[in-house]
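What the coordinates show
This is what each chain is made of:
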Amino acid sequence: MNEDLSRVRQKISRLRKKREVLETKILNTGNLLKASYYERFITCGKQNCKCKQGEKHGPIPWVTGYKGKKTVSTSVPIENVARVKKMTQNYKDFRNAQKEI
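A brief report on the enclosed structure follows.

What counts, and where the lines are drawn
- Residues numbered from 1 in each chain as written.
- Predicted model: local features only at pLDDT ≥ 70, side-chain atom pairs only at ≥ 80, totals over all residues.
- Heavy atoms only, no water.
- Helix = DSSP H or I, 4+ residues; strand = E, 2+ residues; numbered from the N terminus.
- Buried < 20%, exposed > 50% of the residue type's maximum accessible area, 1.4 Å probe, protein only.
- Contact = heavy atoms within 4.5 Å.
- Phe/Tyr/Trp six-rings, centres within 6.5 Å; stacked < 30°, edge-to-face > 60°.
- Lys NZ or Arg CZ within 6 Å of the ring centre and 35° of its normal.

**What to know about the environment of G65**
Here G65 lies in strand β2 (residues 57-67). Look at G65 and you get buried, because its relative accessible area is 13%. Discounting residues that sit within four places of it in the chain, G65 has contacts with K34, A35, K70, T71 and V72.

**Side note on the packing of aromatic side chains**
Given two aromatic rings, one states the distance between the centres and the angle between the planes to describe the pair. Under the definition given, this model contains one aromatic pair. Between Y91 and F94 the ring centres are 6.3 Å apart and the planes differ by 35°, which places this aromatic pair in the tilted class. Of the two residues, Y91 and F94 are both situated in helix α2 (residues 81-100); the distance of three residues between them amounts to about one turn of the helix. Y91 gets classed as buried once you look at its relative accessible area, which sits at 18%. Its relative accessible area of 18% is what places F94 among the buried residues. Seen from the ring of W62, R40 lies directly overhead, with NZ or CZ sitting 4.3 Å from the centre.

**Concerning the environment of K52**
Here K52 lies in the loop between β1 (35-42) and β2. When near neighbours in sequence (up to four residues on either side) are disregarded, K52 contacts G45, K46 and Q47.

Dropping the structure here:
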């Protein structure tokens, strides 16, 4: 009986420590962007363009998220790609830590 109680206490202690680590991670995630980053290849619609023969334009950095209840997609300026990638990854890390708690 004492061994069972000891194991339970050890498990509780491990879970508390894990929760503290996850809470710290959540508090230190940085800037968040609730969106998905990806790269697209597109066709432009010009009749004599190379994209009409299958060589599409791209990759074009793109982000999709929500504004209210509407889905919003837009291209990302090249100078913002690294920041947007980091912010979307921060959000994923935040949500994963939150789910684990």
